[in-house]
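Summary of the model geometry
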Amino acid sequence: MAKKLVIKVTAGADAPERCSQAFTVAAVAVASGVEVSLWLTGESSWFALPGRAAEFELPHAAPLPDLIEGIRLGGGMITVCTQCAARRDIEEKDLIEGARIAGAQVFVQEAMADGVQALVY
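- Per an unreviewed UniProt entry, the protein chain carries the name DsrE family protein and comes from Streptomyces telluris.

The following block contains the structure:
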């Protein structure tokens, strides 16, 4: 079994089911004791800003703010793609507590490490 899970979310409110699945898998993995690194790219980048996750709605899905809080409290890392942040004028100071901005080099380094399973939604 992978010791670490790297999850890249490529969708936001534009593809709500795919987005919700990624956050749900990340939260369940953290709750199960798996080390999780959640990467927000494209439209999901907005969910790293305070209050933005509360705007997301999907029937029969756990509330996104609750999933994010579970990921953070469980020690999961939340990262916003550097280019995605720049295209949206998002700066590190704008992010929720504990989130960061990093680029492709860091993503590849995390995804290629021994004992890691990478998923893309």
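Additional details are given in the paragraphs that follow.
Side note on helix H2 (residues 64-73)
- Along H2, the residues that are buried comprise Leu64, Leu67, Ile68 and Ile71. End-on view of H2: buried residues confined to an arc of 95°, all on one side of the axis. Away from its buried face by more than 90 degrees, H2 exposes Asp66 and Leu73.
- Residues of H2 that are buried sit in contact with helix H1 (16-31), strand E2 (35-40) and strand E3 (77-81).

Points about the sheet that holds E3
- With parallel pairing, 5 strands are arranged side by side in an open sheet as E4-E3-E2-E1-E5. A single partner strand is all that each edge strand has here, and the edge strands are strand E4 (99-102) and strand E5 (116-120). Across this sheet, the average inter-strand angle for adjacent strands is 25°, counted without regard to direction.
- Note that strand E1 (residues 4-9) and E2 share 6 bridges and pair parallel. Bridged to Lys4 within E2 is Glu35.
- Taken strand by strand, H1 contacts E1, E2 and E5, and its axis lies near 160° from that of E1.

Criteria and thresholds
Residues numbered from 1 in each chain as written. Predicted model: local features only at pLDDT ≥ 70, side-chain atom pairs only at ≥ 80, totals over all residues. Heavy atoms only, no water. Buried < 20%, exposed > 50% of the residue type's maximum accessible area, 1.4 Å probe, protein only. Helix = DSSP H or I, 4+ residues; strand = E, 2+ residues; numbered from the N terminus. Arc of directions from axis to C-beta. Contact = heavy atoms within 4.5 Å. Pairing = 2+ DSSP bridges. Axes fitted to C-alpha atoms, helices over the stretch in contact; angles between N-to-C directions.

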